[in-house]
Amino acid sequence: MAVKKIPERMCCGCGLMKPKKELIRIVKTPENEIKLDCTGRLNGRGAYICPDNACLAKAKKSGRIERSFECKINDELYKEFENELSGKIL
């Protein structure tokens, strides 16, 4: 019997590979909206981040999320993500 492989994704902040379920997905929808996708089911291009404001700060500083989505992300959106991550209890 084959062992089922656990899907892993890389955090845009710390760069570590972690199980997909431990990370929060940030999605760029087909309408070019960028938002947190806690369900992991929204359509669009996804990037993953640890549910930690320190990782979000690293991702912002390095520009990894912007590179992933090939667009500029404004500070208000990062602030919104920060507030949402602070409210998350996983």
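As a starting point, this report considers the structure included with it. (Residues numbered from 1 in each chain as written. Predicted model: local features only at pLDDT ≥ 70, side-chain atom pairs only at ≥ 80, totals over all residues. Heavy atoms only, no water.)

If you check helix 3 (residues 75-87), its first and last C-alpha atoms are 19 Å apart, about what 13 residues at 1.5 Å a residue would give, namely 18 Å. Within helix 3, burial applies to Leu-77, Tyr-78, Phe-81 and Leu-85. Looking straight down helix 3, one finds its buried side chains confined to an arc of 100°; they lie on one side. Across helix 3 from its buried face, at more than 90 degrees, point the exposed residues Glu-76, Asn-83, Ser-86 and Gly-87. For helix 3, the secondary structure elements touched by its buried residues are strand 3 (24-28), strand 4 (34-37), helix 1 (53-62) and helix 2 (64-69). (Helix = DSSP H or I, 4+ residues; strand = E, 2+ residues; numbered from the N terminus. Expected span 1.5 Å × (residues − 1). Buried < 20%, exposed > 50% of the residue type's maximum accessible area, 1.4 Å probe, protein only. Arc of directions from axis to C-beta. Contact = heavy atoms within 4.5 Å.)

Now for the environment of Thr-29. Mapped onto the elements of the fold, Thr-29 is located in the loop between strand 3 and strand 4. Looking at Thr-29, the relative accessible area reads 7%, which means it is buried. Residues Thr-29 and Leu-42 lie 13 residues apart in sequence; the distance between their C-alpha atoms is 7.5 Å. Ignoring any residue separated from it by four or fewer positions in sequence, one finds Thr-29 in contact with Lys-35, Asn-43 and Gly-44.

This next bit is on unusual backbone geometry. Residues other than glycine seldom take positive phi values, yet Asn-32 does so here, at roughly 65°. Along the chain, the position of Asn-32 falls in the loop between strand 3 and strand 4. Among the residues examined, Asn-32 registers a relative accessible area of 56% and is labelled exposed. Its identity as a non-glycine residue notwithstanding, Glu-70 has a phi of 55°, on the positive side.

Another aspect to go through is the pairing of strand 3. Across the five residues of strand 3, five count as buried, placing the element largely inside the fold. Of the two faces of strand 3, both are covered, the one formed by Ile-24, Ile-26 and Lys-28 as well as the one formed by Arg-25 and Val-27. Two strands pair when backbone bridges link them, and strand 3 and strand 5 (residues 45-49) are joined in this way by five bridges, in the antiparallel orientation. Looking across to strand 5, one finds that Ile-26 is bridged to Ala-47. Where strand 3 and strand 4 come together, four bridges link them in antiparallel fashion. Each residue of the ladder has a partner; that of Arg-25, found in strand 4, is Asp-37. Hairpin connection, strand 3 to strand 4: the antiparallel pair is bridged by five residues, and Asn-32 has positive phi, about 65°. (Pairing = 2+ DSSP bridges.)

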